Amino acid sequence: MAASTTTRGCQTPDFPSSFLCLLLNGTFGHSPTSISWNSRQPNRTHNISIIHSALHSPSVLHFPKQPFQNPLIPIEDDSVNVQVQPKTHRHPQWNLLQRAAAMALDKAESALVSLELQHPLPKTADPHVQISGNFAPVPEQPVKQALPVTGTIPSCINGVYLRNGANPLFEPVAGHHFFDGDGMVHAVTIDNGNASYACRFTETQRFLQEKELGRPVFPKAIGELHGHSGIARLLLFYARGLFGLVDHKQGTGVANAGLVYFNNRLLAMSEDDLPYHLRITPSGDLETVGRYNFDDQLKSTMIAHPKIDPFSKELFALSYDVIQKPYLKYFKFQPDGTKSPDVEIPLSMPTMMHDFAITENFVVIPNQQVLFKLQEMIFGGSPVIYDKNKKSSFGILSKNASDSKDIIWVESPDTFCFHLWNAWEEPESDEVVVIGSCMTPPDSIFNECDESLTSVLSEIRLNLKTGKSTRRPIISESEQVNLEAGMVNRNRLGRRTRYAYLAIAEPWPKVSGFAKIDLFTGEVKKHIYGDKKFGGEPFFLPRDDNCESAEDDGYIISFVHDENSWKSELQVVDAINLQLESSIKLPSRVPYGFHGTFIDAKSLINQA
């Protein structure tokens, strides 16, 4: 997020543009954070933009007019000339007053953009940094069948692997952060050794309105809402709303982060909105059914990392609000989709909460030191702050709680885990064990700092009897690498697990491979993709759903992109020995993205 100083120029593997989109759903009475502007030296000649990639990969920034044309063939050079396509403005059936208002607001926006472009954008808001190289968007791809396969796809893998990501539909008019992009899901269908591929936008309300208008009009939560220009953007957006030119009441989310298959529905999520229901067609294509509120049961946003208990098949979730109390709510769904009443969690201030964990009997709720303080924006500060005076803690609440009166808070000083990979109970010691990646500095994904970011895989023990905690790094200092994005065997989520499969987020923010970590011994085994090959989240797929099978009996699936050849593939790696079993050559580039899931062929039969 933009801060009062120039912000960090690296993306985390997973952080959706959430809190300021929540602002759009609530109020615009607070001003966005300001940044320090310096004199910008625009490097433009006529209609050519000179793009210098800060990610040390070919910079391909291409937003063709709709319908999409073929993407540019990348040039293996860190400095690439890109012809920016002109924008196409469309006018729905507006009346005379609306047309006049639209013209006036467009002129005001043009003046605002011209003013912004006179100054250098921070790296976290510069599209030439944020969506360069293989972070750049791609067009939709209809189903391509009979893909080339090297090696042999294991016979137990039949179904669809899906992965979400940020993929802006239109060229940004000003600031843009990677996480601001529209949601796009990439799907590889595997049927008895044969493979097909498709990728489609999730057609959110935001996406559909901008597509109809032929241009971006919704403010970008991270890339644009900073300083006085951010205030102006919010005012312009709400002015358009007052004249009926846009409608934010049906949600402003991008649905670009999480994916879950629950109650026979594939749901795409970002925590700034309701989930979106997607459907996989018989041919392996994707279509958006629509915004999904669980048959009018869900009245608030839902976190992008809900948890499915592998034994009860219930889905557990949180919803947070950054404007008004209650700042946090907990709820669950029965396997048939029936929702429990909300449980309000008492928090004195809104906390940045991207993930949580479950055990056999509890939900584990982090209450950490990165906070939302919207009032800071009034004075030009960042609305996301690190409060070093606050003590981090974890709340332990019964899964079946009807209220929060029995929640147990256990302090865990100076702990900030962006992701929690698993948790389980150890009754013999009255402890709940939490496995997470602890980030230092805690606000390094939001604000620029001199200290380099580290993400340390850690074991945190929470004693429910004494209220004390301990924390230790799981792997030795000599083998320390940034570990982000990944999972444990989902058949054992919430129970004691030995192995975790996590992305090696180096060179940050790219992923050079993944690690299999023994959580008991700290042993690390690595699968490195190779020369200039980078991937994303490693997805562990058990060989079968038999919980008695060996914990690591399965396969790791991950998209991998070769920055030498500019080709992408889906790799299947044996999770026991980390040997490559097969690779599926994909017909188009797959950008680096966020989280995924796998739906087996039997489950698809009952798809809603």
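In this convention, every chain numbers its residues from 1, walking through the sequence in written order. Local features in this predicted model are restricted to residues of pLDDT 70 or higher, and side-chain atom pairs are both shown and tallied only at a pLDDT of 80 or more, whereas totals for entire chains, interfaces and linings draw on every residue. Hydrogens and water molecules were not included; the side-chain quantities draw on all heavy atoms of the structure.

Caption draft 1: View of the sheet that holds strand E12 (residues 286–291). Strands sit in the order E9-E10-E11-E12 across an open sheet of 4 strands; the sheet is antiparallel. Single-partner strands in this sheet number two, and they are strand E9 (258–262) and E12. The average undirected angle you get between the axes of adjacent strands in this sheet is 30°. Criterion used throughout: strands pair if DSSP finds at least two bridges between them. Segments assigned H or I by DSSP are reported as helices when at least four residues long, segments assigned E as strands when at least two residues long, and all are numbered from the N terminus. In this sheet, strand E11 (residues 276–280) lies alongside strand E10 (residues 265–269) in antiparallel orientation, the contact comprising 3 bridges. Each residue of the ladder has a partner; that of Leu266, found in E11, is Leu278. Helix axes use the C-alpha atoms of the stretch in contact, all axes being lines fitted to C-alpha atoms, and the angles between their N-to-C directions lie in the range 0 to 180 degrees.

Caption draft 2: Examining the nonpolar core more closely. We call a set of buried residues a nonpolar core when its members are Ala, Val, Leu, Ile, Met, Phe, Trp, Tyr or Cys and they connect through side-chain atoms within 4.5 Å of each other. Whether a residue is buried, partly exposed or exposed follows from its accessible area with a 1.4 Å probe, protein chains only, as a fraction of its type maximum: under 20%, in between, or over 50%, in that order. Ranked by size, the top nonpolar core spans 46 residues in total, and within it Leu457, Leu483 and Ile517 carry the most contacts. For Leu457, the contacting residues outside a window of four places in its chain are Trp421, Ile435, Gly436, Ser437, Arg472, Pro473, Ile474, Leu483, Leu502, Ile517 and Leu519. Grouped together as the second largest cluster of nonpolar side chains are 40 residues, Phe201, Ala485, Ile557 and Ala575 included. Pairs of residues are marked as contacts when any of their non-hydrogen atoms sit within 4.5 Å.

Caption draft 3: Geometry of helix H4 (residues 205–213). Taken together, the buried positions of H4 are occupied by Arg206, Phe207, Gln209, Glu210 and Leu213. Looking one or two residues past H4, Gly214 carries a phi angle of roughly 80°, positive in sign.

Caption draft 4: Broad picture of the UniProt feature "binding site: Fe cation" (unreviewed entry) in the protein chain. UniProt positions are given in the numbering used here, feature names are shortened, and annotations may be inferred rather than shown by experiment. The sites that carry the UniProt feature "binding site: Fe cation" (unreviewed entry) are, in the present numbering, His305, His354, His419 and His595. The annotated residues occupy 291 residues of the chain but converge on a single region, no pair of C-alpha atoms lying more than 13.1 Å apart. When the annotated set is filtered for residues lining the largest pocket, what remains is His305, His419 and His595. Polar contact is the term for a pair of N or O atoms within 3.5 Å; when the atoms are in protein, one must be able to donate a hydrogen and the other to accept it, and sequence-neighboring residues count only if both atoms are side-chain atoms. Reaching out from His305, the side chain makes a polar contact with the side chain of His354 at a distance of 3.2 Å. By secondary structure assignment, the location of His354 is in the loop between strand E16 (343–345) and strand E17 (357–358). At 3.3 Å, the side chain of His354 and the side chain of Glu271 are in polar contact. Detection works on a 1 Å grid of protein atoms alone, calling trapped sets that fit a 1.4 Å probe cavities and calling open sets with protein on both sides within 12 Å along at least five of seven lines pockets, with lining residues defined by an atom within 4 Å of a point.

Caption draft 5: Here's a closer look at the pairing of strand E7 (residues 183–191). Among the 9 residues that make up E7, 8 are buried, leaving the element largely enclosed by the rest of the structure. Pairing of strand E6 (residues 159–166) with E7 involves 8 bridges; the strand directions are antiparallel. Bridge pairing links Ala166 to Gly183 in E7. Where E7 and strand E8 (residues 194–201) come together, 8 bridges link them in antiparallel fashion. Among the inter-strand pairings, Val185 is bridged to a residue of E8, identified as Arg200. Connecting E7 to the next strand, E8, in antiparallel fashion are 2 residues, including Asn192 with a positive phi near 50°.

Caption draft 6: Highlighting a nonpolar patch on the surface. By definition, no residue in a patch forms a salt bridge, and every one has over 30% relative accessible area; like charges are joined within 9 Å, nonpolar side chains (Val, Leu, Ile, Met, Phe, Trp, Tyr) within 5 Å. Surface exposure here means Shrake-Rupley accessible area, sampled with a 1.4 Å probe, where a residue is shielded only by the protein chains that are shown. Here, a salt bridge means any Lys or Arg side-chain nitrogen found within 4 Å of an Asp or Glu carboxyl oxygen. A cluster of nonpolar side chains, namely Leu97, Leu242 and Phe243, defines an oily patch on the protein surface of about 350 Å² accessible area. Along the chain, the position of Leu97 falls in helix H2 (residues 96–116). On the basis of relative accessibility, which here comes to 56%, the residue Leu97 falls in the exposed class.

Caption draft 7: Layout of H2. One less than the number of residues in a helix, times 1.5 Å, gives the span that helix is expected to have. Between its terminal C-alpha atoms H2 stretches 30 Å, which fits the 30 Å expected from 21 residues at 1.5 Å a residue. Among all positions of H2, only Gln98, Ala101, Ala102, Leu105, Asp106, Glu109, Leu112, Val113 and Glu116 are buried. Buried residues along H2 cover an arc of 135° about the axis, so they all sit on one side. For H2, the exposed residues set more than 90 degrees away from the buried face come down to Leu96, Met103 and Lys107. Backbone nitrogen of Leu97 and a side-chain oxygen of the N-cap are separated by 3.1 Å at the start of H2; the cap is Asn95. Working note: the arc is built from the helix axis to C-beta atom directions.

Caption draft 8: Representation of the layout of surface pockets within the structure. Taken as a whole, the largest pocket holds about 1100 Å³ of empty space. Along the walls of the largest pocket sit 38 residues, with Val260, Tyr261, Ile308, Arg490 and Thr597 positioned nearest its centre. Counting residues per element, the ones that place at least two in the lining of the largest pocket are E9, strand E13 (307–308), strand E23 (417–426), strand E27 (483–487) and strand E36 (596–600). Under the scheme applied here, ten amino acids are nonpolar (Ala, Val, Leu, Ile, Met, Phe, Trp, Tyr, Cys and Pro), four are charged (Asp, Glu, Lys and Arg), and all others, including Gly, are polar. Residue classes in the lining of the largest pocket are distributed as 19 nonpolar, 11 polar and 8 charged. Grid points are joined across faces, edges and corners, and a volume is the space filled by probe spheres set on the points.

Caption draft 9: Region of interest: the confidence of the model for the protein chain. Here the protein chain shows a mean pLDDT of 81. Residues at 70 or above account for 80%. In this model residues 1–86 is a low-confidence stretch, pLDDT under 50, and it forms 291 contacts with partners more than four residues away in sequence or in other chains. pLDDT measures the predictor's confidence residue by residue and takes values from 0 up to 100.

Caption draft 10: Fine view of the environment of Leu315. Its place among the elements puts Leu315 in strand E14 (residues 315–320). When the C-alpha atoms of Leu315 and Phe333 are compared, they prove to be 5.1 Å apart, with 18 residues separating the residues in sequence. If we ignore the near neighbours within four places in the chain, the residues touching Leu315 are Val260, Phe262, Pro306, Lys307, Ile308, Phe331, Lys332 and Phe333.

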